[in-house]
Amino acid sequence: WLEYRYPHLITKHGRIEDRFLDLSLSIIISILVINILLFITIQNYVITNKKVEETNLLLDQTLRDLKKDLSLSRKIQMGMFSQKLSSDSNYTASIKYVPLSEVGGDIYSIEVLKNGDLQIFLADATGHGVQGALITMLIYAEYLYCKSLTQEPAEIIKLLNDAISTKYRNLDVYFSCVAVHVHDKNSKLSFASGGHIDQFLLYSNKEIVTLKATGNLVGFQLKSTYKQIELPFQSKDSLFLFTDGIVDEFDSNGREYGIERFKNRILRSSEKPLYQIIGDVISDVEKFLEYSSFQDDITILGITKK
């Protein structure tokens, strides 16, 4: 290039051997420079890869620790919420709980009282995962205290609302919930709902009664009042409590599963045992979603009087 560009700077070769020597030296120097550059590039690549490998190993270890912690959190959460009725109880319970991640934002409780009555609570906290799980712990602790003061569902939700609205107002904690007291001897149930979606009571004659919200979301407004309704609950009647995750699922075309589809699925399976009705609902939702993942925490709780 120099010979071509600046011929006056280059000594003219008198012999062919000199030209070959010049060419050989140029090739050797070029190869040396190229090898040095390649060495530097490869060395940088190896060092970078090593650092990436070390970072990946650190991330893998962190993820393993996180999964281990989440698994323990799930066990604790399921241990607190999962409650089964004894075989000598006058009621049969079936529960399907599917959190969106390892831990979820739904909470439920079934307690058999000394006189054979049932105290039932279901809540849907805002958020999912760890955030939702932490809020459920807070809600559950407050619920345990409130139900120790009264057995009336409306009073429990009112006390819970006042506690959440005052103690945790800086956290902006809002949630919907239902509380039910099943009176064993009187064959009836008392129901109250704080901003929760419609729930269903299936009678033995295949009639479905819709249980609507009787007050505001819990934590939304201090000193909110909640109505309480009473309905008969006799042999072979079934109560279905659930969170909005089951009805707010959308398929790939943007269609919502919806409350009516859920209601009709219960009616079509009404002759089956309780656990099969709930299983049919879950299968129907999965089929509706074309077996893709759920988009929210799902909880369905069914109670049947024997």
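Here the structure is a predicted model, which means the values were calculated and not measured.

Parameters and conventions
- Residues numbered from 1 in each chain as written.
- Predicted model: local features only at pLDDT ≥ 70, side-chain atom pairs only at ≥ 80, totals over all residues.
- Heavy atoms only, no water.
- Buried < 20%, exposed > 50% of the residue type's maximum accessible area, 1.4 Å probe, protein only.
- Helix = DSSP H or I, 4+ residues; strand = E, 2+ residues; numbered from the N terminus.
- Pairing = 2+ DSSP bridges.

Undergrad: What should I look at first to understand the pairing of strand β9 (residues 238-242) in this one?
TA: For a regular strand, side-chain orientation follows a simple rule: the groups alternate between the two sheet faces. Across the five residues of β9, five count as buried, placing the element largely inside the fold. What you see with β9 is no split at all: Ser238, Phe240 and Phe242 on one side and Leu239 and Leu241 on the other are buried throughout. Direction of pairing for strand β6 (residues 199-202) relative to β9: antiparallel, over a ladder of three bridges. Looking at β9, one finds that Phe200 is bridged to Phe240. Taken together, the five bridges between β9 and strand β10 (residues 298-305) define a ladder with antiparallel strand orientation.

Undergrad: Explain unusual backbone geometry here, please?
TA: Positive phi, close to 60°, is recorded for Lys223, a residue that is not glycine. Mapped onto the fold, Lys223 is located in the loop between β7 (208-211) and β8 (229-232). Judged by its relative accessible area of 65%, Lys223 falls in the exposed class. Here the phi dihedral of Lys236 falls at roughly 70°; this positive angle occurs in a residue that is not glycine. Its place among the elements puts Lys236 in the loop between β8 and β9.

Everything listed here is a matter of coordinates, which is why it stays silent on function.
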